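Here are the chains, one letter per residue:
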Amino acid sequence: LSPSHAPQKRVFPMLTLLSMFYYICLRRRSRSGTRGEALSSRRAVESGQRAALPVSVEVEQYAKEVLDFSSHYGSENSMSYTMWNLAGSPNVYPSSGDFTQTAVFRAYGTWWEQCASAPPPFRRTPKSFHSQDYIELAFEEPVYPTAVEVLETYHPGAIVQIMACSLNPFSQNPPADVRWEVLWAGEPTKVLTPQARQFSPSIKQLSFPTNLIRLEANSSLLKYYTELDAVILRGQRERPILSLYKMPRIDICDLSDSDDELLDPGASFRQTGDGKHMNLGNGYFDRLPYELIQLIVSHLTLPDLCRLAQTCKLFHQHCSDPLQYTQLSLQPYWARLNDTSLGYLQSRCTLLQRLNLSWTGSRGALTFSGFSSFMKVCGGNLVCLELSCCHFLNEACLEVISQTCPGLQELNLSSCDRLHHQAFMHISKLTRLRRLVLYRTKIEQTAMLSILTFCTELRHLNLGSCVMIEDYDVVVSMLAVRCRLLRSLDLWRCRNLTERGLAELAVGCRLLEELDLGWCSTLQSSSGCFQHLARNLPRLRKLFLTANRTVCDSDIEELAANCPALQHLDILGTRMVSSSSLRKLLQACPKLLLLDVSFCSQVDARIVQELSGLFPNVAIKKSFTQ
């Protein structure tokens, strides 16, 4: 043979090995008979009977209802920038730009993660878990999905996962076992253009019809807020016939169920030079120091840790050691977590210090009984408890937390909007709290004042979008008296805060580094409140005055003169700030990283381009509407 034919000679041995592997797998599967039936049925379909099958009509539908979500930019009492805009047909698409009729998540980029109020990440979080936000949508008719299309109208690229649920949210008879399946998953992307697009990734086939779709998002790579306009679900009423005859996957595990496999029964024994046999067991692994094995095992994700525990007694001992469970994030596994799962982990978590149950327990997956049982055994050493969007929580759950977690320092109840207002009274018993997140909850003024009375060590407090508090001046005045060590305060979209309350806050909490007053429309610059704020809070690193139309040059110049550590400033929507005061600010604040001047009528795109050239380390934001 000529040299050109030489490579072909080496193909045959490889094909032979693959053929043998495939034959062995087929032989294992043939014992149950299902493989042969599937092959026969598939051949029948492919041999000409396909034309006789009924043609299924594809259904196209927009979301009927928004069931749940983790956050949004908008208010609880309006439709602007809220997740509720995702219900129905498009309001904006195919136009591009910043529109109030779209759905917008609360945060974007890495700005929020850089703040002092951001908690440290949990160890053992899988690298494949990227989700930061979610929204669940109900559609009119259950279908077998063929496509999910997301209409993104501004800074696309945030969607990282699309899931489907077996539960029909409109059915009166929910199934006993609620299943979630991933239709598509990807990584955060940075789209080069902010223009609108129709995002429709290739999705996998489901074995059940669905009308409940969940989108999960990560906006960390985006330059500005992503905006979603509508979601389209395409699918068939009847299960696609070809999916019934899908070829079973061949797994390497199929080779392990035969009596005549090529096994080496003496693999654990090797003959030494003197003819004796030596048991290698774990391959000398058990001779490593206990601490070193613990260090190696600590790099595993939680599922891998549980699987490894089932391999041998040595690894079971290491994988069950409570020191492996001082931090536990169950958020990535929210779709599978239930009372049984918590019960399984209970004996291992007796030294637990940080626990993340965010997003878990919806639709009956977790109950008060399972949660309270776990907390009574594992809550004694807890210092951090993340419960964002945990809709299984009730007053009894918060009472258990207050009784079993005496040393708790961080509590996150973000978007637990179904929790009764009376439940929050139990938080006042957690007197060592330093970080408390109550964003989008129904806490009332009485409970908030009780918390401030007893929790005097608070460093970080988030009351964003807490619409049930009647008088924020009273709350802020109590903060100024009782919590003088406060470092961050989020009052996003709070009502009834006036210059009187803000003045007391500035005098009483002089260590403040972060202050979010976005969309607090009752504050007026003419009262001098913002200038007084700047003079009394020299440590300010983050200040959001979003959508306050009255912010003026004097306020900006006062910040430049008194807040040299400023890193993040949002003055979106003001009509009274000029480029000259912004230039003074940029020169006086060398640590500035983010400056949002969107919809500032005196700051046009030309000025933004000029300032960006002079101060390249500052991300100057200027949104647009097409």
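The structure displayed is predicted, hence computed values, not measured ones.

Definitions and limits used
- Residues numbered from 1 in each chain as written.
- Predicted model: local features only at pLDDT ≥ 70, side-chain atom pairs only at ≥ 80, totals over all residues.
- Heavy atoms only, no water.
- Helix = DSSP H or I, 4+ residues; strand = E, 2+ residues; numbered from the N terminus.
- Buried < 20%, exposed > 50% of the residue type's maximum accessible area, 1.4 Å probe, protein only.
- Contact = heavy atoms within 4.5 Å.
- Axes fitted to C-alpha atoms, helices over the stretch in contact; angles between N-to-C directions.
- Parallel < 35°, antiparallel > 145°, perpendicular 65-115°, else oblique.
- Nonpolar A, V, L, I, M, F, W, Y, C, P; charged D, E, K, R; others polar.
- Phe/Tyr/Trp six-rings, centres within 6.5 Å; stacked < 30°, edge-to-face > 60°.
- Lys NZ or Arg CZ within 6 Å of the ring centre and 35° of its normal.
- Pairing = 2+ DSSP bridges.
- Left-handed = near helix turned anticlockwise from the far one by under 90°.
- Salt bridge = Lys/Arg side-chain N within 4 Å of Asp/Glu carboxyl O.
- Lys, Arg positive; Asp, Glu negative; His and termini not counted.
- Polar contact = N/O pair within 3.5 Å; in protein donor to acceptor, adjacent residues only side chain to side chain.
- pLDDT = per-residue confidence, 0-100.

(A) How the structure looks around the overall build of the protein chain. Of the regular secondary structure elements, the protein chain holds 16 helices and 23 strands. Residues classed as buried in the protein chain amount to 50% of the 626 residues present. Excluding contacts between residues fewer than 6 apart, the proportion of contacts in the protein chain whose partners are at least 24 apart in sequence is 78%.

(B) The packing of helix H14 (residues 553–562) against helix H15 (residues 579–588), seen in detail. H15 packs onto H14 with a crossing angle of 10° between their chain directions and a minimal axis gap of 8 Å. As far as their axial angle goes, H15 and H14 are roughly parallel. Touching Asp-553, Ile-556, Glu-557, Leu-559 and Ala-560 of H14 are Ser-581, Leu-582, Lys-584, Leu-585 and Ala-588, all from H15. Split into classes, the residues belonging to the contact of H14 with H15 amount to six nonpolar, one polar and three charged.

(C) Main features of the packing of aromatic side chains. Scanning all chains against the criterion turns up 17 aromatic pairs. Seen in terms of ring centroids, Tyr-154 and Phe-624 are 5.3 Å apart; in terms of plane orientation they differ by 85°. Their pairing is edge-to-face. Taken together, the residues Tyr-154 in strand E4 (residues 133–154) and Phe-624 in the segment after strand E23 (619–621) connect sequence positions 470 residues apart. With relative accessibility at 2%, the residue Tyr-154 sits in the buried group. Ring pairs connect the aromatic residues Tyr-73, Tyr-81, Tyr-108, Trp-112, Tyr-154, Tyr-224, Tyr-225, Trp-492, Trp-519, Phe-544 and Phe-624, which therefore count as one cluster. Taking the ring centre of Phe-170 as reference, the NZ or CZ of Lys-64 above it sits at 4.5 Å. Taking NZ or CZ as reference, Arg-214 lies 3.9 Å from the ring centre of Tyr-134, over its face.

(D) Here's a closer look at the pairing of strand E8 (residues 210–217). In terms of residue burial, E8 counts as a mostly covered element, since eight of its eight residues are buried. Summarising the sheet, E4 and E8 pair through seven bridges and their orientation is antiparallel. Counted as the bridge partner of Ile-135 is Leu-215 from E8. In the sheet, strand E5 (residues 159–165) pairs with E8 via five bridges, with the strands oriented antiparallel. Bridge pairing in E8 links Ile-162 to Leu-215.

(E) Main features of the sheet that holds strand E13 (residues 354–356). With parallel pairing, twelve strands are arranged side by side in an open sheet as E12-E13-E14-E15-E16-E17-E18-E19-E20-E21-E22-E23. At either end of the open sheet lies a strand with only one pairing partner, and these are strand E12 (327–329) and E23. Sheet twist, expressed as the mean angle between neighbouring strand axes with direction ignored, is 5°.

(F) Focus on the packing of helix H7 (residues 339–346) against helix H8 (residues 368–378). Running from N to C, H7 and H8 cross one another at 15°; their axes reach a closest spacing of 9 Å. With respect to each other, H7 and H8 are oriented roughly parallel. Crossing of H7 against H8: the hand is left-handed. On the side of H7, the interface is formed by Asp-339, Leu-342, Leu-345 and Gln-346, while H8 contributes Gly-370, Phe-371, Ser-373, Phe-374, Val-377 and Cys-378.

(G) View of the pattern of salt bridges. Following the criterion strictly, the structure yields 26 salt bridges and no others. Arg-179 serves as the salt-bridge partner of Glu-181, at 3.0 Å between the closest nitrogen and oxygen. Since its relative accessible area comes to 32%, Arg-179 is described here as partly exposed. A salt bridge links Glu-386 to Arg-435; the shortest N-O distance between them is 2.9 Å. Placement of Glu-386 in strand E14 (residues 384–386) and of Arg-435 in strand E16 (residues 435–437) is noted, with a sequence separation of 49 residues between them. The exposure class assigned to Arg-435 is buried, which follows from its relative accessible area of 7%. Salt bridges sharing common partners tie together Glu-136, Arg-214, Glu-216 and Arg-363.

(H) Main features of the side chain of Asp-321. Of note, Asp-321 is situated in the loop between helix H6 (313–319) and E12. It is Arg-124 that comes nearest to the buried, bridge-free Asp-321 among opposite-charge side chains, at 9.9 Å. A distance of 2.6 Å separates the side chain of Asp-321 from the side chain of Tyr-290, its partner in a polar contact. Residue contacts for Asp-321: discarding those within four places in its chain leaves Tyr-290 and Gln-294.

(I) Main features of the environment of Asn-91. Along the chain, Asn-91 falls in the loop between strand E2 (65–69) and strand E3 (103–104). Sequence separation of Asn-91 and Thr-102 is eleven residues, and the distance between their C-alpha atoms is 7.3 Å. The contact partners of Asn-91, leaving out residues within four places of it in the chain, are Asn-85, Gln-101 and Asp-229. A distance of 3.2 Å separates a polar atom in the side chain of Asn-91 from the backbone oxygen of Gln-101.

(J) Region of interest: unusual backbone geometry. Here the amide bond leading from Tyr-93 into Pro-94 is cis, since omega sits at 15°, within 30 degrees of zero. Within the secondary structure, Pro-94 is located in the loop between E2 and E3. Positioned with a positive phi, Cys-389 is a non-glycine residue whose angle comes to about 60°. The topology assignment puts Cys-389 in the loop between E14 and helix H9 (395–404). A positive phi is found at Ser-415, a non-glycine position, where the angle reads about 60°. When you line up the elements, Ser-415 lands in the loop between strand E15 (410–412) and E16. Accessibility expressed as a relative area gives 0% for Ser-415, which makes it buried.

(K) Representation of the confidence of the model for the protein chain. Per-residue confidence for the protein chain gives a mean pLDDT of 88, with 84% of residues at or over 70. For residues 30–39, every residue scores under 50 in pLDDT, and the model assigns this stretch ten contacts once sequence neighbours within four places are set aside.

(L) Geometry of the pairing of strand E1 (residues 58–62). Alternating positions in E1 separate cleanly, Val-59 and Gln-61 being buried on one face and Glu-58, Glu-60 and Tyr-62 remaining unburied on the opposite face. Two elements, E1 and strand E9 (residues 227–236), share five bridges in a ladder whose sense is antiparallel. For Gln-61, the partnering residue across the bridge sits in E9 and is Leu-233.

(M) Focus on H9. Cys-397, Leu-398, Val-400, Ile-401, Ser-402 and Thr-404 are the residues of H9 that are buried. Considering only its buried residues, H9 is in contact with H8 and E14. For H9, the N-terminal capping position is held by Asn-394, with its side-chain oxygen 3.2 Å away from the main-chain nitrogen of Ala-396.

(N) Main features of helix H13 (residues 529–536). Buried residues dominate H13, accounting for six of its eight residues. Among the residues of H13, Cys-529, Phe-530, Gln-531, Leu-533, Ala-534 and Asn-536 are the ones counted as buried.

(O) Fine view of the environment of Gln-567. Take Gln-567: it is sitting in the loop between H14 and strand E21 (568–570). Spatially, the C-alpha atoms of Gln-567 and Gln-114 are 10.0 Å apart, while their sequence positions differ by 453 residues. Sequence-distant contacts of Gln-567, that is, excluding residues within four places in its chain, are made with Arg-541, Lys-591, Leu-592, Leu-593 and Leu-594.

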